[in-house]
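Observations on chain architecture
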Amino acid sequence: MQTDLRGRDLITDQEWTREEVDTLLDVAWDLKRRRATGESQALLRDKVLAMLFFFTSTRTRASFEAGIAQLGGHGMFIDSETTQISHGDTAKEIGEIIGRYSDGIAIRQCDWNFGNKYIREVAAASRVPVLNMQCDVYHPFQALADLMTIMEKFGRDLRGKTINVSWAYASSYQKPLSVPQSLILLMTRYGMNVRLTHPPEFGLMPDIVGQAQDNVRKHGGSLEILHDFDAGFKDADVLYPKSWGCWMTTEDKQESAKLGGQYKDWITDARRMALAKRDAVYMHCLPADRNIEVTDEVIDGPQSVVYDEAENRLHVQKAAMALTMR
Ligand code: CP
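Cut-offs used in this document
- Residues numbered from 1 in each chain as written.
- Predicted model: local features only at pLDDT ≥ 70, side-chain atom pairs only at ≥ 80, totals over all residues.
- Heavy atoms only, no water.
- Pairing = 2+ DSSP bridges.
- Helix = DSSP H or I, 4+ residues; strand = E, 2+ residues; numbered from the N terminus.
- Axes fitted to C-alpha atoms, helices over the stretch in contact; angles between N-to-C directions.
- Domains from an automatic or database assignment.
- Contact = heavy atoms within 4.5 Å.
- Buried area = accessible area lost by both parts, 1.4 Å probe.
- Right-handed = clockwise from strand over helix to strand, strands pointing away.
- Near = heavy atom within 4 Å.
- Polar contact = N/O pair within 3.5 Å; in protein donor to acceptor, adjacent residues only side chain to side chain.
- Areas by Shrake-Rupley, 256 points an atom, 1.4 Å probe, with all protein chains shown as cover.
- Phe/Tyr/Trp six-rings, centres within 6.5 Å; stacked < 30°, edge-to-face > 60°.
- Buried < 20%, exposed > 50% of the residue type's maximum accessible area, 1.4 Å probe, protein only.
- Lys NZ or Arg CZ within 6 Å of the ring centre and 35° of its normal.
- Salt bridge = Lys/Arg side-chain N within 4 Å of Asp/Glu carboxyl O.
- Expected span 1.5 Å × (residues − 1).
- Arc of directions from axis to C-beta.

Ordered by their spatial adjacency, four strands build an open sheet running S2-S1-S3-S4, and the pairing between neighbours is parallel. In this open sheet, the two edge strands, each paired with only one partner strand, are strand S2 (74–79) and strand S4 (130–135). For this sheet, the mean angle separating the axes of adjacent strands, direction not counted, is 15°. In this sheet, S4 lies alongside strand S3 (residues 104–109) in parallel orientation, the contact comprising four bridges. In the sheet register, Ala-106 faces S4, and the bridge partner there is Leu-131.

Structure below.
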């Protein structure tokens, strides 16, 4: 078990070894148990987590803020629009200055071709660990919560299990690639058979797909790319259909909406769920476009584990804070 994680950034799970991720999961389960039994979890008394948001959030903000409070510390919410960040504070200044006020900096910056670079620039200037609350490339805590949830449903040895990470149609906005990218990176390190299903225009970053292929060579399992929505469901154990933008094809919102509009029938419904294994689970990071990405019947149905998944965000983030900010 690797436990020397004090001061470490978590920008992508890929930069943590398998043993380090396993440690994080062990701590997450311990903290989940302690919360259930009412035991003290005050591991970060008097510590401050700065939470800098450039983008809206429900789960990420609420779970980080609740998490640091449960650990005995304080969450300091910083909104880019209502601070001098909108008038020119640089990433370096944020790292230097907020790093002197706090014990950890968590950032959500999803702007295409910018967010990850920004977070890395802050991290380079910061004396305290930087945690990625989602950027244009990665959503590491979502993938960790998803892995924890899958293990709770299927056991810790996931070799031989199939996850279908699929695109789905949504009308709301051009969503980042970060969730599917973090999922294919993490699940291929646990020996799963990973299906990546999307229309041809909605591919992921080639470098990320390449890293996932390297993971398969190291850890077994497989990575298969499909362009047929129904085929992705067939005999899968875990179904994770969600929308993302066609960033690799166009950054133009109108063109993206037009391209996506060709695939309005990529909605998860009961017929498609029946193509998967009988005990398959339906997952979604939320928010979902209800009755566009997925029917109410499925997301509210017995195979859906979306609320367990959302809860596990709290536990993995507390584990990461306890390990890196102590
Ligand atoms: N899944 C997720 O990150 O949710 P929020 O955008 O509400 O934080």
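Read on for the rest.
The assigned domain composition of the protein is domain 1 (13–139 + 313–324) and domain 2 (141–309). Centre-to-centre, using C-alpha coordinates, domain 1 lies 25 Å away from domain 2. Tallying the contact residues gives 31 residues for domain 1 and 33 residues for domain 2. The contact between domain 1 and domain 2 buries some 2900 Å² in all, and 60% of this surface belongs to carbon and sulfur atoms.

Turning to the pairing of S2, a few remarks are in order. For a regular strand, the rule is simple: side chains alternate between the two faces of the sheet. The pairing of strand S1 (residues 48–53) with S2 spans six bridges and is parallel. What sits directly across from Phe-53, in S2, is Asp-79. Crossover connection from S1 via helix H2 (residues 59–70) to parallel S2: handedness right-handed.

This part covers the site of the ligand. Around the ligand, the surrounding shell consists of Ser-57, Thr-58, Arg-59, Thr-60, Arg-108, His-139, Gln-142, Cys-285, Leu-286 and Arg-313. The backbone of Thr-58 places a nitrogen or oxygen atom 2.7 Å from an oxygen atom of the ligand. Contacts to the ligand include Cys-285, whose backbone N or O atom sits 2.9 Å from a nitrogen atom. Burial of the ligand by the protein amounts to 93% of the accessible area it has alone, namely 250 Å².

Looking now at the packing of aromatic side chains. In this structure the tally under the stated criterion is 14 aromatic pairs. Ring plane angle 20° and centroid distance 5.1 Å describe the contact between Trp-112 and Trp-247, whose orientation is recorded as stacked. Here Trp-112, found in the loop between S3 and helix H4 (115–125), pairs with Trp-247, found in the loop between strand S8 (238–242) and helix H9 (253–261); they are 135 residues apart in sequence, far enough to count as distant. The burial state of Trp-112 is the same as that of Trp-247; both residues are buried. These aromatic residues form a ring-pair network of at least three members: Trp-167, Tyr-169, Phe-202, Phe-229, Phe-233, Tyr-263 and Trp-266. Seen from the ring of Tyr-190, Arg-18 lies directly overhead, with NZ or CZ sitting 4.0 Å from the centre. A cation sits over an aromatic face here: Arg-61 above Phe-77, 3.6 Å from the ring centre.

Turning next to the sheet that holds strand S9 (residues 281–282). Either a parallel or an antiparallel arrangement is found when strands of a sheet pair, and the pairing is made through backbone hydrogen bonds. Pairing within the open sheet is parallel, and its five strands lie in the order S7-S6-S5-S8-S9. Each edge of the sheet is formed by a strand with only one pairing partner; in this case those strands are strand S7 (222–226) and S9. Sheet analysis places strand S6 (residues 193–197) next to S7, joined by five bridges and oriented parallel. The residue of S7 that forms the bridge with Arg-195 is Glu-224.

Across all of its chains, the model carries 22 salt bridges by this definition. The closest approach of N and O atoms between Arg-290 and Asp-296, which form a salt bridge, is 2.9 Å. We classify Arg-290 as partly exposed; its relative accessible area is 36%. Overall, Asp-296 belongs to the partly exposed group, its relative accessible area being 31%. A single network of salt bridges, built from pairs that share partners, joins Asp-30, Arg-33, Arg-34 and Glu-39.

Bringing the side chain of Ser-102 into the picture now. Summarising the element assignment, Ser-102 is placed in the loop between helix H3 (91–101) and S3. With relative accessibility at 4%, the residue Ser-102 sits in the buried group. For Ser-102, the side chain forms a polar contact with the main-chain oxygen of Ile-98, separated by 2.8 Å. A distance of 3.4 Å separates a polar atom in the side chain of Ser-102 from the backbone oxygen of Gly-104. Contacts of Ser-102, omitting those with residues within four sequence positions, involve Val-48, Ala-50 and Val-128.

The next point concerns H2. For H2, built from twelve residues, the straight-helix expectation of 16 Å at 1.5 Å per residue is met to within 8% by its first-to-last C-alpha distance of 16 Å. Where H2 is concerned, the buried positions are Thr-60, Ser-63, Phe-64, Gly-67 and Ile-68. For H2, the angular spread of the buried residues around the axis is 120°, confining them to a single face. A positive backbone phi angle near 95° is found at Gly-72, which sits one or two residues after H2.

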